[in-house]
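Architecture and fold: a report
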Amino acid sequence: EPQEMIEASKQAKEFRNAYPSRFSKTSDVYLLMISLEAEALLRARIERRDADTSYRVGEIKQHRDTLSYAVRKSSMQSGTRAAAYLALGLFQRDERRSDKEARHRNAREDKSKDELARYEEIELYMRSLDLLPSASAHCYIAECRLEEGYDNEARAHIKQALSISPEHALAKKLAVQTNSM
């Protein structure tokens, strides 16, 4: 799965760079491609933390402010804004996990900081769902809920994800992991 995500991010980047108005960094298509590229890279990084993936994530992070702009702009299509919220949620997760790892290395656990960051991450996914229900958003919320130990709530989101997209790879993986199938 991580290699497929890397390939998907490359395709999104190629499309974004080939898009005629790539200099119009506020167009729906351009912002959608950034969102999809970021989501693919950040999902890949969850599965594997190699140097190449980390480098690619570092490159895409420069677009975080652009995505923040997209979610605030009400003239953007709801699908574009929903995709931007998903990407921003995954940026939040990546940051939260990196901070947690750094605190762990320094033997300074701060559970409240991690909980607040996870809450903010879930809020981004919920905003995405408000705009456009998606299996991915439900899966990302389920992953957060599993981290918190809220297995029943996670299972409910997994079931919603599977009802939206029965063949969604992450939903199926989470369903097996939580015995939700």
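A few points on the structure. For every chain, the first residue of its written sequence is number 1, and the numbers climb from 1 along that sequence. Two thresholds apply to this predicted model, a pLDDT of at least 70 for residue-level local features and 80 or more for giving and counting side-chain atom pairs, whereas whole-chain, interface and lining totals are computed over all residues. Calculated side-chain values reflect all of the structure's heavy atoms, with hydrogen atoms and water omitted.

Here we take up the nonpolar core. In terms of nonpolar packing, the biggest core is built from 40 residues, with L67, F91, Y125, C139 and Y140 touching the most fellow members. Secondary structure elements are defined from DSSP: runs of H or I of at least 4 residues count as helices, runs of E of at least 2 residues count as strands, and each element is numbered from the N terminus. Where this core is concerned, the elements lending two or more residues are α2 (28-47), α3 (51-60), α4 (64-72), α5 (78-105), α6 (111-131), α7 (135-148), α8 (151-164) and α9 (169-178). Pairs of residues are marked as contacts when any of their non-hydrogen atoms sit within 4.5 Å. Leave out the neighbours within four places in its chain, and Y140 touches E39, R43, L86, L90, R93, Y125 and L170. Within this scheme, the nonpolar core is defined by two criteria: the residues are buried Ala, Val, Leu, Ile, Met, Phe, Trp, Tyr or Cys, and they are joined through side-chain atoms within 4.5 Å. Residue burial is assigned from relative accessible area. The probe radius is 1.4 Å, only protein chains are included, and a residue is buried under 20% of its type maximum, exposed over 50%, and partly exposed in between.

The subject of this paragraph is the environment of C144. With respect to the helices and strands, the residue C144 is situated in helix α7. Sequence separation of C144 and E123 is 21 residues, and the distance between their C-alpha atoms is 11 Å. Residues within four places of C144 in sequence aside, it is in contact with R93, R96, R118, E121, I122 and Y125.

Mapped onto the fold, R93 is located in helix α5. Look at R93 and you get buried, because its relative accessible area is 1%. A 3.5 Å cut-off defines polar contacts: any pair of N or O atoms within that distance qualifies, except that in protein one atom must be a possible hydrogen donor and the other a possible acceptor, and neighbouring residues in sequence count only when both atoms are side-chain atoms. A polar atom in the side chain of R93 sits 2.5 Å from the side chain of E143. When sequence neighbours within four positions are dropped, the list of residues in contact with R93 reads R43, I46, E121, Y125, Y140, E143 and C144.

Glancing now at the environment of A82. With respect to the helices, strands and loops of the structure, A82 is situated in helix α5. Residue A82 is classed as buried on the basis of its relative accessible area of 3%. Between the C-alpha atom of A82 and that of D151, which follows or precedes it by 69 residues, the distance is 25 Å. Once residues lying within four places of it in the same chain are set aside, the contact partners of A82 are S128, L131 and L132.

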